[in-house]
There are 2 protein chains.
Amino acid sequence: MKTFKYPTQEKWAALAQRPTLPKNELNETVNNIMNDVKQNGDEALFRLTEEFDGAKLDNLQVSDQEIEEAINAVPDELKKAIELAKNNITKFHKSQQTEEAIIETSVGVKCWRKSIAIEKVGLYIPGGTAPLFSTILMLGIPAKIASCKEIILCTPPAKDGTINPAILYTANLIGINIVVKCGGAQAIAALCYGTKSIASVNKIFGPGNQYVTSAKEKAQNYGVAIDMPAGPSEVLVIADETCNPIFVAADLLSQAEHGADSQVILLGINEFTLAKIEEELNQQLEQLPRKEIAKKALLNSKTILLNSMNDCFDFSNLYAPEHLIIASENTNLYIDQIINAGSVFLGNYSCESAGDYASGTNHTLPTNGYARNYSGVSLDSFVKKVTFQELSKTGIQNIGNAIELMAEAEELMAHKNAVTVRLKALQND
Amino acid sequence: MKTFKYPTQEKWAALAQRPTLPKNELNETVNNIMNDVKQNGDEALFRLTEEFDGAKLDNLQVSDQEIEEAINAVPDELKKAIELAKNNITKFHKSQQTEEAIIETSVGVKCWRKSIAIEKVGLYIPGGTAPLFSTILMLGIPAKIASCKEIILCTPPAKDGTINPAILYTANLIGINIVVKCGGAQAIAALCYGTKSIASVNKIFGPGNQYVTSAKEKAQNYGVAIDMPAGPSEVLVIADETCNPIFVAADLLSQAEHGADSQVILLGINEFTLAKIEEELNQQLEQLPRKEIAKKALLNSKTILLNSMNDCFDFSNLYAPEHLIIASENTNLYIDQIINAGSVFLGNYSCESAGDYASGTNHTLPTNGYARNYSGVSLDSFVKKVTFQELSKTGIQNIGNAIELMAEAEELMAHKNAVTVRLKALQND
């Protein structure tokens, strides 16, 4: 990690800058894949899955038998762990259900909002050696709580055409019945346009490589919504002298192992503490199976020594981290200073891994500075809040004249007339 | 309006289709404007305002004196109307403030969400002869309730460099202190990049012409969020035999007068009622100052006679209208059938104008089918919901092992280790 000591405020903006993402050169490739799927449907999916994943499939959809086999293949203790996570994530996301009151804004004028599930959602789960079943929990559980009518999970198959058992077990556990063996831009295209095997959806969720990200962006041009803009994962840790340097080092590394482009920032005001953390980090690093990846991420990572805890929070708000860890025994002092962050971990025992897997909060969070203007995924991401209003005769009599005056001032006379005809009818009532 | 009688379900998709929007040919123009503002700041704003709005300005920001003069210029009865609207909109949007509970998902694992205002927001209000001061209420009131720190209102000046008094009065009434005389793509560019006179913002709200819309889309590439994708305004009315044809005709026209591209759809199962509405509509149309605009909109508008009220709601959900009016005395029968709509108006006295101006609901709503996957503007649009978590020693002991197992199964050993170091430390505690 590069260390910066007491940088002046003018230098903060540069320090808080993310590396510019490599300009997207995939445009043409992704366009071709998407058009192919749009025109050729399932045939394209079978062909592209053979080309990109090396898997020759007979069926795109996972069969009941495959799911049964997966359930048997997952070790019992992992099943229990996943169930614990499921329960916590369910509790927290269920608490986000709100029954909003009917508000009578003027006498006879009733207004309210109703949360209505987005009907059809697609969940993308990347493939590769490590099965990201935790993301199924994070996306599938709120989708089920919201009562989305169709939930379609797409994930690329291995070369032998199989899907990792932990993925199938988790999907089945939370009641996702449609799992499609399809990955990459072709999966996103299928969710966007629909094919014979895959229904088109209203919103697409989930992480993915640059092809998937690019395809999700393009899907937005076809009326499909996406969860949020994508960027590399990141953590910012503010550590004071009451932190545990071993814990902080482990937390920094858990972010660094995600990918060479992961962003790791450590802030503090105690030089000795920061040095101790770095020392611990270098020791722990050597033990990691993914140390080569972590080392690359650490090359871009920063330790910044600042003058005050206030400065630490000001810098953090400027950076707007996806994950913010306050490694301190005195977190209560600081909570109100947090403005821009995706998810906040308070105190020495709240590691990012807890939120990544099992505490209950969602791990799909805004990166790349989007914590300034986006929330992470929550139950809200799977519903629309539709407003309703009902005016009684008294209601339109109470506010009708105000509407007429305002519509007239905006020169929208038909808007005015919609009120006038009602007020007139009531005069003759 | 074109009439379709009992179309078969296969024909619904085509009937629910919006006209394809003219392909955006403004790319280069808007890119040039945005780059100009990025490079030349205020100088570009003065120059472009002279070029596009014909106004030679000394100052971009509206002065206190101009605001005072505006307050005096607005007639008292319009002031009272705006105040009534303000009160209702405030009541409804304040009711959207939620204090979410702290959820203990496992013993010692506390999770919660906190709504934190987006710090800096920009509100764009179009110019032209009709001052859209109602949109200031709809965007400014929730921004104030959310406690956004900076609220910047941009609106183009008239040729003489002035802003319509109703705009300045309304902005002042709700406490917006920064009003900038700047419109078009150049205003969006200024809100995106910042200039000497205009701070850059985190999120841009508000309607506008195709240049503004295009610039808002481009601003998203610079980390700025926008309220929602844009499209022409639209209404779908479902009228049964208990409707008042005069009222329905007036409501259809109030949508049609918005613009030649406005979308108006009327559904029903009673041929006589639909014919009566059309007759009324043709009569009222002739009285309208904006009848030429309305006539153009009506050329693309559709009256569709269907077999059952169920069919009406199925069609409406397929279309996903921005505004949905249920013109009936029996709206309670139908509420639960509504899935996709931006804002719903129930019964014969709930005209769209009420929601456009003064009932309390927001009038910034998803168009072009986005009611399937987007909500309208609300208090939520001005905040991020940040998740927090705090694990006690007991907390990490309760869920730590589950995290370890899941992280290991995902082959993220540093994630596992962040828990292991804590559990080990507690064993030695």
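**Things to note about the domain arrangement of chain A**
So, step 1. When cut into domains, chain A gives domain 1 (2-19 + 232-360), domain 2 (23-104 + 115-228) and domain 3 (392-428).
So, step 2. Between the C-alpha centres of domain 1 of chain A and domain 3 of chain A the distance comes to 58 Å.

**Topic: the pattern of salt bridges**
So, step 1. On inspection of all chains with the given rule, the structure shows 36 salt bridges over all chains.
So, step 2. The salt bridge involving A:E66 is made with A:K181; its shortest N-O contact spans 2.6 Å. Here A:E66, found in helix α3 (residues 64-73), pairs with A:K181, found in strand β6 (residues 178-181); they are 115 residues apart in sequence, far enough to count as distant.
So, step 3. Note on A:K181: relative accessible area 6%, which makes it buried.
So, step 4. A single network of salt bridges, built from pairs that share partners, joins A:E100, A:R113, A:D380, A:K385, B:E100, B:R113, B:D380 and B:K385.

**Topic: unusual backbone geometry**
All names here are of chain A.
So, step 1. The phi angle at S147 is positive, at roughly 70°, despite the residue not being glycine.
So, step 2. Within the secondary structure layout, S147 lies in the loop between α5 (133-146) and β5 (150-155).
So, step 3. In this structure, N368 takes a positive phi of about 55° despite not being glycine.
So, step 4. As for its placement among the helices and strands, N368 is situated in the loop between α13 (352-357) and β14 (383-391).

**Details of the relation of the copies chain B and chain A**
One copy of the chain maps onto the second through a rotation around an axis plus a translation along that axis.
So, step 1. Take chain B, turn it by 180°, move it 0.0 Å along the axis, and it overlays chain A with an RMSD of 0.0 Å. As the rotation angle and translation indicate, the two copies are arranged about a two-fold axis. Taking C-alpha positions as the reference, the residue of chain B nearest the rotation axis is B:T98, at 4.5 Å.
So, step 2. A symmetric contact is evident, with 99% of the interface residues of chain B recurring at the interface of chain A.

**Focus: the layout of surface pockets**
All names here are of chain B.
So, step 1. Looking at the second largest pocket, its volume works out to about 550 Å³.
So, step 2. Lining the second largest pocket are 25 residues, with T98, K114, S115, I116 and A117 sitting closest to its centre.
So, step 3. Looking at the lining of the second largest pocket, the elements that each hand over two or more residues are β3 (109-117), α5 (133-146) and β14 (383-391).
So, step 4. By residue number, the principal contributor to the lining of the second largest pocket is β3, which donates six residues.

**As for the sheet that holds strand β12 (residues 323-327) of chain A**
So, step 1. Reading across the sheet, the nine strands line up as β1(A)-β11(A)-β10(A)-β9(A)-β12(A)-β13(A)-β14(B)-β3(B)-β2(B) and stay open at both edges, with mixed pairing between neighbours. The sheet terminates laterally at β1 (2-5) of chain A together with β2 (103-106) of chain B, the two strands that pair on one side only. For this sheet the average axis-to-axis angle between neighbouring strands, irrespective of direction, equals 20°.
So, step 2. As paired elements, strand β13 (residues 343-346) of chain A and β14(B) share four bridges and run parallel to each other. Looking at β14(B), one finds that A:V344 is bridged to B:F388.
So, step 3. Contacts between helix α14 (residues 393-409) of chain B and the sheet are confined to β2, β3 and β14 of chain B, with β14(B) contributing the most and set at about 90° to the helix.

**A short note on the packing of aromatic side chains**
Residue and element names in this part refer to chain B.
So, step 1. All told, the structure shown has 14 aromatic pairs over all chains when counted by the stated rule.
So, step 2. Measuring from centroid to centroid gives 5.2 Å for F313 and Y334, while their planes differ by 25°, and the two rings are stacked. Placement of the pair is F313 in helix α12 (residues 309-319) and Y334 in the loop between β12 (323-327) and β13 (343-346), with a sequence separation of 21 residues. Both residues of the pair, F313 and Y334, belong to the buried class.

**Some thoughts on the side chain of B:S233**
Residues and elements named next belong to chain B.
So, step 1. Within the secondary structure layout, S233 lies in the loop between β8 (225-226) and β9 (234-239).
So, step 2. On the basis of relative accessible area, S233 is assigned to the buried category, the value being 17%.
So, step 3. For S233, the side chain forms a polar contact with the side chain of Q255, separated by 2.7 Å.
So, step 4. Contact partners of S233, with chain neighbours within four places excluded, come to Q255, H258, S262, Q263, E322, H323 and T367.

**Some remarks on the interface of chain B and chain A**
So, step 1. Counting residues at the interface gives 118 residues for chain B and 117 residues for chain A.
So, step 2. In this assembly, chain B packs against chain A so that about 10,000 Å² is buried in total across both faces, 60% of it on carbon and sulfur atoms.
So, step 3. By the criterion of area lost to chain A, the three top residues of chain B are B:Y349, B:Q389 and B:M406, representing 8% of everything that side buries.
So, step 4. Where chain B meets chain A, there are seven salt bridges.
So, step 5. Across the pair B:D380 and A:R113 runs a salt bridge, and its minimum N-O distance is 3.3 Å.
So, step 6. Considered class by class, the residues forming the side of chain B that touches chain A number 62 nonpolar, 34 polar and 22 charged.

**With respect to the sheet that holds strand β7 (residues 203-205) of chain A**
Residues and elements named next belong to chain A.
So, step 1. Read across the open sheet, the five strands follow the order β6-β5-β4-β7-β8; overall the sheet is parallel. Each end of this open sheet is capped by a strand with a single partner; those strands are β6 and β8 (225-226).
So, step 2. As paired elements, β7 and β8 share two bridges and run parallel to each other. Bridge pairing in β8 links K203 to A225.

**Here we look at helix α6 (residues 165-173) of chain A**
All names here are of chain A.
So, step 1. Among the residues of α6, those classed as buried are A166, I167, L168, Y169, T170 and A171.
So, step 2. Close packing links the buried residues of α6 with α3, α4 (76-94), α5, β5 and β6.
So, step 3. With a side-chain oxygen positioned 2.8 Å from the backbone nitrogen of A166, the residue opening α6 is N164.
So, step 4. Phi turns positive, to about 90°, at G175, one or two residues after α6.

**Here we look at α5(B)**
Residues and elements named next belong to chain B.
So, step 1. For α5, built from 14 residues, the straight-helix expectation of 20 Å at 1.5 Å per residue is met to within 8% by its first-to-last C-alpha distance of 20 Å.
So, step 2. Most of α5 sits inside the fold, with 13 of its 14 residues counted as buried.
So, step 3. With its phi angle positive at about 70°, S147 sits one or two positions after the end of α5.

**Side note on the state of the cysteines**
So, step 1. For the structure on display, the rule yields zero disulfides over all chains.
So, step 2. With no disulfide of its own, A:C154 has A:C182 as its nearest cysteine by sulfur position, at a separation of 5.7 Å.
So, step 3. In this structure B:C148 is not part of a disulfide, and its nearest cysteine sulfur, from B:C154, lies 15 Å away.
So, step 4. With relative accessibility at 8%, the residue B:C148 sits in the buried group.

Parameters at a glance
Residues numbered from 1 in each chain as written. Chains lettered and ligands numbered in written order. Predicted model: local features only at pLDDT ≥ 70, side-chain atom pairs only at ≥ 80, totals over all residues. Heavy atoms only, no water. Domains from an automatic or database assignment. Salt bridge = Lys/Arg side-chain N within 4 Å of Asp/Glu carboxyl O. Helix = DSSP H or I, 4+ residues; strand = E, 2+ residues; numbered from the N terminus. Buried < 20%, exposed > 50% of the residue type's maximum accessible area, 1.4 Å probe, protein only. Least-squares fit on C-alpha atoms with pLDDT ≥ 70 in both. Contact = heavy atoms within 4.5 Å. 1 Å grid on protein atoms, 1.4 Å probe; cavity = no way out; pocket = protein on both sides within 12 Å on 5 of 7 lines; lining within 4 Å. Points joined across faces, edges and corners; volume = space filled by probe spheres on them. Pairing = 2+ DSSP bridges. Axes fitted to C-alpha atoms, helices over the stretch in contact; angles between N-to-C directions. Phe/Tyr/Trp six-rings, centres within 6.5 Å; stacked < 30°, edge-to-face > 60°. Polar contact = N/O pair within 3.5 Å; in protein donor to acceptor, adjacent residues only side chain to side chain. Buried area = accessible area lost by both parts, 1.4 Å probe. Nonpolar A, V, L, I, M, F, W, Y, C, P; charged D, E, K, R; others polar. Expected span 1.5 Å × (residues − 1). Disulfide = S-S within 2.5 Å.

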